Number of protein chains: 2
Amino acid sequence: MPEHGRAGSAVTMRDVAKAAGVSVATVSHVVNDKPGARIGTDARRRVQEAVVALGYRPNALAKTLSQGTSRFIGLVSDAIATTPFAGQIIHGAQDEAWRHGYVLLVADTGGNPAAEDDAIAMMLEHQVHGVLYSSWYHHEITVPQALKETDTVLVDCYAPASGLATVVPDEEQGGRLATEELIAAGHRRIAFINTTTPSPAQTGRLAGYRTALEAADLPFDPALVFLAAPEQEGGYAATGEIIEAQATAVFCHNDRVAMGLYDGLRERELRIPDDIAVMGFDNQDVIAAHLRPPLSTVALPHYELGAAAVRILLGSETHDAARPYLVACPPVLRQSV
Amino acid sequence: MPEHGRAGSAVTMRDVAKAAGVSVATVSHVVNDKPGARIGTDARRRVQEAVVALGYRPNALAKTLSQGTSRFIGLVSDAIATTPFAGQIIHGAQDEAWRHGYVLLVADTGGNPAAEDDAIAMMLEHQVHGVLYSSWYHHEITVPQALKETDTVLVDCYAPASGLATVVPDEEQGGRLATEELIAAGHRRIAFINTTTPSPAQTGRLAGYRTALEAADLPFDPALVFLAAPEQEGGYAATGEIIEAQATAVFCHNDRVAMGLYDGLRERELRIPDDIAVMGFDNQDVIAAHLRPPLSTVALPHYELGAAAVRILLGSETHDAARPYLVACPPVLRQSV
């Protein structure tokens, strides 16, 4: 249980400030005995009384030094804070960390190994409780050497031989769900535009597509599976083949592919969903809800990936590290199916 | 000058590890005298020798306690880590902080005042050197009370009466640049789809549009300025009026508006840029480069906003706080003009 910080039952500097009727900065000056701060005798006394009455532990850093461990959790990522995609991992990790009285130290390395080494060294110097190592997309990584000697949870990435706890999206369940939506709308000839990039998303979403077809007694037809670069240009370029294959619905590897396919279908004066239904994947912000028509898709559960990783790091949720912890991808239904 | 940390000339734990031929974690165990860590006598000796030889300061936290100030800079934001837009502010601030031997503590509050108070209290408890207070878009804010008592720089937001240093994009220069590109391509009847949201972007980009017209001896025609919601739906809805106004070029308030306008023009079988040229604003990732045709636009300088704010906070760059520090918006030319 948290002994200090922002958790439900723990006393914060804010609580002390409220009880004493002063600002948080005043409390900080008093409890840290800051030289040079001009605090009135009365305010100082009220703060000291509130500290005692509430049982506030005044100095996070002094506590860290005496115990050899801190209330910090490190988050090292290649680009989740800076690409317009997986930032909700930070949000989920931060909310969950605060709930347990921990503070998140975020370092975004841009995938640069030297910056990564520096970030991890910084976190070790600040005696973090552990580190979340995260990527902006689900793929295999090499675990930096320094991380092998501290508690680490991998988030939206994996390293099979590492033995580290791993939290990733359930790509197969997501692919199955997307395909099931199209089947439920009456489609029988469903194309799948998969990515050309080898990845768990490539194999998992394909497996989910096949599982859904099988469960509905629909044959798997390899001629309905296309490979495309996982962006607008790939979806646009695949349009001709999709139409030749006489598909009435398309499951797209991601929303960017769907956006390109929209352009291709429009050029051929085909209407969505009347002439052809389109399902995306990712629920990508700024795109999915704003296409014409708004895109039905499956969301990547970024927030929950971050939150679950913190729970596993802190041991408030247990999971066998031999298997990845899979987070389900929920449906987001709009008007393209 | 930095005495400890990741700056060019400062000695890091990584340097010690390299010199001693051990892992960073081993160095951490030795210099922090961690109980329970099993370190061989020889490794311990090599680390201690390297610490002395390189002049490494072993404990950031102990140093903080003795000096009453830390190597942390706080970054409190409403949503820059979690919206797909302004994350590069973090990247710029972090790179610049590291360059000066500081570490960035990032807290994304989702705009929730209680979370914001908690984040600021946490930062004060950790004795941050100062705080960057940032928003995901340029607008007026109310400075939280606690921040008034620590060094603070406002980033991509402002509070006129606060007297705080403020770093914001140069909206007027950006609007002028966008309009100049259209004039340079030979256009004389240039529409402007501005946002319905009152903001510095609304007034600044309009002022820039007018300045560019004036400099080219083109009359300002209020009938060519339209207001629309600053997203795809707004741009799409404005298409009819743009065509009725017989504009040959359109400067859009942002790239999302341009994306909606693209859809509207396509429905009317108008080609970009042959029938009508389109200029965006923001250079929004995932969108601008991937429209058909790729969108010419003006970039919001998010990275530089974060970097400049750190320089001002640390005093390595001086600027009169009475005026905002304006960062120029550079052009990104593609194929829509």
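Rules used throughout
- Residues numbered from 1 in each chain as written.
- Chains lettered and ligands numbered in written order.
- Predicted model: local features only at pLDDT ≥ 70, side-chain atom pairs only at ≥ 80, totals over all residues.
- Heavy atoms only, no water.
- Contact = heavy atoms within 4.5 Å.
- Buried area = accessible area lost by both parts, 1.4 Å probe.
- Salt bridge = Lys/Arg side-chain N within 4 Å of Asp/Glu carboxyl O.
- Polar contact = N/O pair within 3.5 Å; in protein donor to acceptor, adjacent residues only side chain to side chain.
- Helix = DSSP H or I, 4+ residues; strand = E, 2+ residues; numbered from the N terminus.
- Axes fitted to C-alpha atoms, helices over the stretch in contact; angles between N-to-C directions.
- Parallel < 35°, antiparallel > 145°, perpendicular 65-115°, else oblique.
- Nonpolar A, V, L, I, M, F, W, Y, C, P; charged D, E, K, R; others polar.
- Expected span 1.5 Å × (residues − 1).
- Buried < 20%, exposed > 50% of the residue type's maximum accessible area, 1.4 Å probe, protein only.

**Student:** Just checking my understanding: could you explain the interface of chain B and chain A for this structure?
**Tutor:** Interfaces are often sized by the amount of accessible area the parts lose when they come together. Taken together, the contacts link 68 residues of chain B with 68 residues of chain A. Taken over both partners, the interface formed by chain B and chain A buries close to 6100 Å², and the fraction arising from carbon and sulfur atoms is 60%. Applying the counting criterion to the chain B and chain A interface returns four salt bridges. Taken together, chain B and chain A are joined by twelve residue pairs in polar contact (both at pLDDT 80 or more). The set of elements that each furnish at least two residues to the side of chain B that touches chain A consists of helix H1 (13-20), helix H2 (24-31), helix H4 (60-67), helix H5 (88-99), strand S2 (103-108), helix H6 (113-125), helix H9 (232-244) and helix H10 (255-267) of chain B. With nine residues, the top contributor of residues to the side of chain B that touches chain A is H6(B).

**Student:** Is there a simple way to explain the packing of H2(B) against helix H3 (residues 41-54) of chain B in this structure?
**Tutor:** Relative placement of two packed helices is described by the angle separating their axes and the distance separating the axes. Residue and element names in this part refer to chain B. Close contact between H2 and H3 brings their axes to 10 Å; oriented N to C, the two are set at 80 degrees. One element, H2, and the other, H3, form an angle in the roughly perpendicular class. Of the residues in H3, those touching H2 at Val27, Val30 and Val31 are Arg44, Val47, Gln48 and Val51. The class makeup of the residues in the contact of H2 with H3 is five nonpolar, one polar and one charged.

**Student:** How should I be thinking about helix H5 (residues 88-99) of chain A in this particular structure?
**Tutor:** Every α-helix winds through 3.6 residues per turn, so residues three or four apart in the chain are directed the same way. Residues and elements named next belong to chain A. Here H5 is twelve residues long and its end C-alpha atoms lie 16 Å apart, about the 16 Å a rise of 1.5 Å per residue gives. Of all twelve residues in H5, nine are buried, a share of seventy percent or more. Count one or two residues on from H5 and you reach Gly101, which has phi positive near 85 degrees.

**Student:** Can you walk me through the pattern of salt bridges in this structure?
**Tutor:** A complete count under the given rule lists 34 salt bridges over all chains for this structure. In this structure, the salt-bridge partner of A:Glu231 is A:Arg256, at a minimum N-O distance of 3.9 Å. Of this pair, A:Glu231 sits in the loop between strand S7 (225-228) and helix H9 (232-244) while A:Arg256 sits in helix H10 (residues 255-267), and the two are 25 residues apart along the sequence. Exposure remark for A:Glu231: the relative accessible area of 28% places this residue in the partly exposed category. Where A:Arg266 meets B:Asp263, a salt bridge forms, and the shortest distance between an N and an O atom there is 3.3 Å.

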